[in-house]
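The primary structure of each chain is shown beneath.
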Amino acid sequence: MIYKDASKTVSERVEDLLQRMTLKEKVGQLFGMVNYGQVVPVQNAKEHFSHGAGTLSFLNSSQTGNTKKDMETLKELQRFFVEETRLGIPVLIHNEGIAGAQIPGATTFPQSLNVASTWEPELAMKMGAVVRKQLMAFGIRAVHSPLFDLGRDPRWGRIGETYGEDPYLVAQMGTSFVKGVQGDHQVMATAKHFVGYGNTEGGRNGGEQQIAERKLLDTYCFPFEAAIHEGQVNGVMNSYGILNEQAVSTSKWLLTDLLREKLGFRGLVVADYGSVSHANARYRVAKTQKETAIMALKAGMDVEQPSNTCYRFLEEAVESGELEIDYIDRSVRRVLETKFRLGLFESPYSEGDFYKEISYPGYQELSQEIAEKSIVLVKNEENILPLIQKLKIAVIGPSSDNKINFFGGYSSVATAETTTSDFDRSEDENFIKIAYDVVISEHKEMLKSRGIEFDIKPSSEQKAQIIEMLKKNRSKSNKDYQSMEEFLERFYPNCSTVKELLEREFGEENVFHAKGCHITQPIEGGIKEVKHAVEQADIVIAVLGGRESMRASDATSGENKDNINIYLEKPQMEMMEEVFKLNKPVISVIVDGRPLATPFISEHSKTVLYAWLPAQTGAHAIVNILTGKRNPSGKLPVTVVKDTGQIPIYNSRLPFYVDLNEWAEYIDNDKNTPLYPFGYGLSYTTFEYSNLKLNKEVSTTGELIVTFTIKNIGSCPGDEIAQLYIRDCFSSIARPTKQLVGFKRVNLDVNEEKEVTFIVDMAHLAFHNIDMKQVVEPGEVELYVGASSEDIRLQDSFDIIGEERTVDRKVFSSKVTVTSLNKFSTL
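Just so it is clear, the model here is predicted, and its values are computed rather than measured.

K.L.:
Can you explain the overall build of the chain? Please cite residues and give values.
P.N.:
Assigned secondary structure in the chain consists of 25 helices and 28 strands. Scored against the burial criterion, the 827 residues of the chain give a buried share of 63%. When the accessible area of the chain is evaluated, it comes to approximately 30,300 Å², of which 47% is carbon and sulfur surface. Charged side chains in the chain number 93 positive and 115 negative. The centres of these two groups are separated by 3 Å.

Structural data, given as structure tokens:
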């Protein structure tokens, strides 16, 4: 058979297999299967997926914590599809990966906002490669990562999963991760959430979005387009919610006209969990689940996930003449193409030694390197840091002696207690309704075995009984561990707290600890204990912030955990008010997935660091920065606001005043600027910029070449992140006041100088003009080189000359080289 012959082309194999498939087998490839942790998962597959499945969910919610058992379960499930179904089509098994493979014991990495704070795409690629190796060794070949959403609203619970606010930075970091995780088409990365997901009104997850077409194309689509053409990303996942009045999951305009025809995507579109059914159950753009399925498939949604709530009606729709078979075949081709391209037919099972992969020390070192390089020092008054020895230190705050708070919401640790429904639980009762529909239509035999028998639909009494059963089942656990704390100790025993490491560094007798309060709740007598600790100390280290989680009761952010409070929680603020009254120097460390507004903390602390969610080696990274073993070098990938009323506020804003540097005109003048600007971050050393050179005229088809020198004029080695911005002086439409077009991390020894050269293709500066043509316009352009978007060190201008140029596709990345002027070596 041609489709089993690896020497044939993917196209030949797909067409051969497609013509052999029955309608049931085709439809089976268009929906997912969820392993809910059944006692005998393969039996569930045999009973309900005998005609195959497109994808299989194997997140933490599916796993027990018994690695050997879970790997065998996964192998048994895949073996069923390969050896016991008629055509032997493997299932595409997926997991999560933005904080490392979501598998117990897999290397955990700092979350995406950390990775973006390093401004080092090479680290994202290295991280992606580790995720790929550990997934494959476990038996998983697809990952629902990374996010290409723009994080511009700190109220949004998922902003910590993004690479920040800027389309260029997001494109560079995300595309690099895609390259690392996909390797040589070994794993399918999934760019999500297409499109505009982080731009919902009010920061409400999955809510309404209004984005004009030009802004959609030039800003929100830019990172996805880069992933498609520079990263060759294999998968795309849709956004929850409504964009310009269209439910994204059933929008042909978005999933076909824009994604495929405009942006040129050729891979597989998979549904975010439950998003197809939302078009019916929430957004009311379809009356029935069958109508929803028809709309979604025609729009370009290839695979419904996590199950087949709506797509189970596709077979009926074809047989009744409501749906043409061509739409089925179109999506089945895409599923099969993906599976053949990944080599699943030849290698459907695990590849590599999982235990060896997770024990390799270099991976933990990489995680720590990312954590250290991602910590952003935003204030260091009187050079309090780095700490000197022989200090007596008060260590306070809810994250001072806590490990769990270091982990991102999609990490293996933070999802240790999740169920599959947690990934879509913004409306708990709505989930029960959807699950109810599935149970009464697909699991009648199971209900019958429990004494619930009916012909067409259950009686009101039976319905109440079924719903109560569903609610009880949700609380059941298939885990080998009893709590997240036990999970952490079992799988990440080397994880430490800040308190523990400071005691190791300065001696237990010199460290006075008092938690003071929980994240969201006070502790009786907690402030009194904190004051007692502070009074004995020379200096205070306050480890503050929140917790990112889907279901924890004290979560302050996470999926479906949006939060209108963008400051520290009240108990922490009350504690810090009392601490500041004691007039001891305070170092505040913010551990959080969101860019919290900290005007009060920043004003009264001597030093402030944003550590984000630094994962399993997070405490080591923080303490290494505090003690000067590592020089802080992270830069903000987001703008940090002072007040909720400033939202949204971001670097690449459109001009507001005659003075283009003005931000706003609020009555309170202090609110006219952010607390900390995009790209900002301090070091223990000082860098000097000089010798800016550039070609003053560039044709619309040419390249801008910018060269300048950076010198370390401070007292210790350090890394500077040089940033290149441009501004159109005049154009046919309003353009950003500053547009990031290049950046580079530069390592410099004391007194070392390096020359940095950026090459910017003019096609990178293309935008959609007044006629919606993507063009490079001639005209004067200002250029800025800086240590942040506001700390501009060098500036000049150049002219784009020649005829207006229409471009089909932008150039997505600037080239950069760094040459040492002291050591005569090129990096």
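Next comes the rest of the description.
K.L.:
Could you give me a rundown of the packing of aromatic side chains, with the residues and numbers involved?
P.N.:
A full pass over the atoms with the stated rule returns 27 aromatic pairs. On the numbers, 5.1 Å between centres and 80° between planes, the contact of tryptophan 119 with phenylalanine 743 is edge-to-face. Of this pair, tryptophan 119 sits in the loop between α5 (112-117) and α6 (121-138) while phenylalanine 743 sits in strand β21 (residues 739-748); the two residues are 624 residues apart in sequence, bridging distant segments of the chain. As far as burial versus exposure is concerned, tryptophan 119 and phenylalanine 743 are alike and both buried. Here a set of aromatic residues connected by ring pairs shows up, and it is made of Phe407, Tyr481, Phe487, Phe491 and Tyr492. The residue whose ring lies beneath lysine 75 is tyrosine 349, and the NZ or CZ to ring-centre distance is 5.9 Å. Above the plane of the ring of tyrosine 410 lies lysine 192, whose end atom (NZ or CZ) is 5.4 Å from the centre.

K.L.:
How would you summarise the sheet that holds strand β11 (residues 376-380) if you had to cite specific residues and measurements?
P.N.:
On the basis of which strands lie adjacent, the open sheet formed by six strands has the order β11-β16-β15-β14-β12-β13 and mixed pairing. Bordering the open sheet on either side are β11 and β13 (511-514), each of which pairs with just one other strand. Each neighbouring strand pair of the sheet contributes to a mean axis angle of 15°, computed without reference to strand direction. Pairing of strand β12 (residues 393-396) with β13 involves four bridges; the strand directions are parallel. Opposite isoleucine 396, over in β13, you have alanine 514 as the bridge partner. Across the sheet, helix α23 (residues 570-580) is in contact with β12, β14 (539-545) and β15 (586-591); its angle to β14 comes to roughly 165°.

K.L.:
Any chance you could break down unusual backbone geometry for me, citing the residues and the numbers?
P.N.:
At the junction of lysine 192 and histidine 193, the peptide bond is cis and its omega measures out at 0° in the coordinates. Examined against the element boundaries, histidine 193 turns out to sit in strand β5 (residues 188-194). Residue proline 648 is bonded to the preceding isoleucine 647 through a cis peptide linkage, with omega at -5°. Residue position: proline 648 is located in the loop between α25 (618-627) and β17 (687-694). Phi is positive for glutamate 245, close to 70°, though the residue is something other than glycine.

K.L.:
With reference to specific residues and values, describe helix α4 (residues 67-84).
P.N.:
The terminal C-alpha atoms of α4 lie 25 Å apart, and with 18 residues this matches the ideal 26 Å at 1.5 Å per residue to within 8%. Turning to α4, its buried residues are Thr67, Asp70, Met71, Thr73, Leu74, Leu77, Gln78, Phe80 and Phe81.

K.L.:
Provide a residue-level description of the packing of helix α21 (residues 498-506) against α25, including the pertinent values.
P.N.:
Look at α21 against α25: their axes get within 9 Å of each other, and the N-to-C directions meet at 45°. Viewed along their axes, α21 and α25 adopt a mutual orientation that is oblique. Handedness of the α21/α25 crossing: right-handed. Counting all contacts with α21, which are made through Val498, Leu501, Leu502, Arg504, Glu505 and Phe506, the residues of α25 involved are Ala619, His620, Ile622, Val623 and Thr627. Broken down by class, the residue content of the contact of α21 with α25 amounts to seven nonpolar, two polar and two charged.

K.L.:
Got a sec to walk through helix α16 (residues 361-374)? Specific residues and values, please.
P.N.:
With 14 residues, α16 extends 20 Å between its outermost C-alpha atoms, agreeing within 8% with the 20 Å of an ideal straight helix rising 1.5 Å per residue. Counted residue by residue, α16 has ten buried out of 14 residues, so it is predominantly covered. Taken residue by residue, α16 has Gly362, Tyr363, Leu366, Ser367, Gln368, Ile370, Ala371, Glu372, Lys373 and Ser374 as its buried positions.

K.L.:
I'd like to hear about the side chain of glutamine 102, residue by residue, with values.
P.N.:
Among the structural elements, glutamine 102 can be located in the loop between β3 (92-95) and α5. A polar contact is formed between the side chain of glutamine 102 and the backbone nitrogen of asparagine 60, at a distance of 2.9 Å. Within polar-contact distance, the side chain of glutamine 102 engages the backbone oxygen of tyrosine 410 at 3.3 Å.

K.L.:
Can you tell me about the pairing of strand β26 (residues 792-801), naming the residues and giving the values?
P.N.:
Of the strand pairs in this sheet, strand β18 (residues 697-699) and β26 are connected by three bridges, and their pairing is parallel. Looking across to β26, one finds that glutamate 697 is bridged to aspartate 799. Between strand β25 (residues 779-786) and β26, which pair antiparallel in sequence order, lie five residues.

K.L.:
Explain the packing of helix α1 (residues 10-20) against helix α14 (residues 325-341) to me, using residue names and the numbers behind them.
P.N.:
Running from N to C, α1 and α14 point in directions that differ by 130°, and their axes come no closer than 9 Å. With respect to their mutual orientation, α1 and α14 come out oblique. Crossing angle aside, the handedness with which α1 passes α14 is right-handed. Contacts from Val10, Arg13, Val14, Glu15, Leu17 and Leu18 in α1 reach Asp329, Val332, Arg333, Leu336, Glu337 and Phe340 in α14. Broken down by class, the residue content of the contact of α1 with α14 amounts to seven nonpolar, no polar and five charged.

K.L.:
Describe the sheet that holds strand β22 (residues 753-761), listing the residues and the values that go with them.
P.N.:
Taken in spatial order, the four strands of this open sheet run β17-β19-β22-β28, and their pairing is antiparallel. Looking at strand neighbours, the two that pair on one side only are β17 and β28 (815-820), the edges of this open sheet. Mean inter-strand twist for the sheet, computed between neighbouring axes without regard to direction, equals 20°. As defined by bridge partners, β17 adjoins strand β19 (residues 703-712) across six bridges and the pair is classed as antiparallel. Within β19, the residue paired with phenylalanine 687 across the bridge is asparagine 712.

K.L.:
Account for the nonpolar core, with residues named and values stated.
P.N.:
Residues Leu17, Phe194, Val195, Leu216, Tyr311, Leu314 and Ile328 are the most contacted members of the largest nonpolar core, which totals 119 residues. At nine residues, α6 tops the list of elements feeding residues into this core. Setting aside chain neighbours within four positions, we find phenylalanine 194 in contact with Cys221, Phe224, Val236, Met237, Asn238, Ser239, Val248, Leu254, Leu258, Leu259 and Leu263. Ile384, Val413, Tyr492 and Val623 belong to the second largest nonpolar core, which has 42 residues in total.

K.L.:
An account of the environment of leucine 297 is requested, with residue identities and associated values reported.
P.N.:
Topologically, leucine 297 is positioned in helix α12 (residues 289-299). Sequence separation between leucine 297 and tyrosine 311 is 14 residues; the distance between their C-alpha atoms is 8.5 Å. With sequence-adjacent residues up to four places away left out, leucine 297 is seen in contact with Leu30, Asp302, Tyr311, Leu314, Leu323, Tyr327, Ile328, Arg330 and Ser331.

K.L.:
Can you lay out the pattern of salt bridges for me, pointing to particular residues and giving the numbers?
P.N.:
Within the structure shown, the criterion is met by 47 salt bridges. Linking lysine 606 and glutamate 381 is a salt bridge whose minimum nitrogen-to-oxygen distance equals 3.1 Å. Taken together, the residues span a long stretch of sequence, with lysine 606 in the loop between α24 (599-604) and β16 (607-610) and glutamate 381 in the loop between β11 and β12 at a distance of 225 residues. For glutamate 381, a relative accessible area of 36% puts it in the partly exposed group.

K.L.:
Describe the side chain of asparagine 563, naming the residues involved and giving the relevant values.
P.N.:
With respect to the helices and strands, asparagine 563 occurs in the loop between β14 and α23. For asparagine 563, the residues in contact, after removing those within four places along its chain, are Arg155, Thr556, Glu569 and Arg594.

K.L.:
Pulling in residues and values, what's your account of the pairing of β11?
P.N.:
Extensive coverage of β11 is indicated by the burial of five of its five residues. Looking at chain direction, β11 and β16 are connected through four bridges and run antiparallel. Looking at β16, one finds that lysine 379 is bridged to valine 608.

Procedures and definitions
- Residues numbered from 1 in each chain as written.
- Predicted model: local features only at pLDDT ≥ 70, side-chain atom pairs only at ≥ 80, totals over all residues.
- Heavy atoms only, no water.
- Helix = DSSP H or I, 4+ residues; strand = E, 2+ residues; numbered from the N terminus.
- Buried < 20%, exposed > 50% of the residue type's maximum accessible area, 1.4 Å probe, protein only.
- Areas by Shrake-Rupley, 256 points an atom, 1.4 Å probe, with all protein chains shown as cover.
- Lys, Arg positive; Asp, Glu negative; His and termini not counted.
- Charge placed at Lys NZ, Arg CZ, Asp CG, Glu CD.
- Phe/Tyr/Trp six-rings, centres within 6.5 Å; stacked < 30°, edge-to-face > 60°.
- Lys NZ or Arg CZ within 6 Å of the ring centre and 35° of its normal.
- Pairing = 2+ DSSP bridges.
- Axes fitted to C-alpha atoms, helices over the stretch in contact; angles between N-to-C directions.
- Contact = heavy atoms within 4.5 Å.
- Expected span 1.5 Å × (residues − 1).
- Parallel < 35°, antiparallel > 145°, perpendicular 65-115°, else oblique.
- Left-handed = near helix turned anticlockwise from the far one by under 90°.
- Nonpolar A, V, L, I, M, F, W, Y, C, P; charged D, E, K, R; others polar.
- Polar contact = N/O pair within 3.5 Å; in protein donor to acceptor, adjacent residues only side chain to side chain.
- Core = buried A, V, L, I, M, F, W, Y, C linked by side-chain atoms within 4.5 Å.
- Salt bridge = Lys/Arg side-chain N within 4 Å of Asp/Glu carboxyl O.

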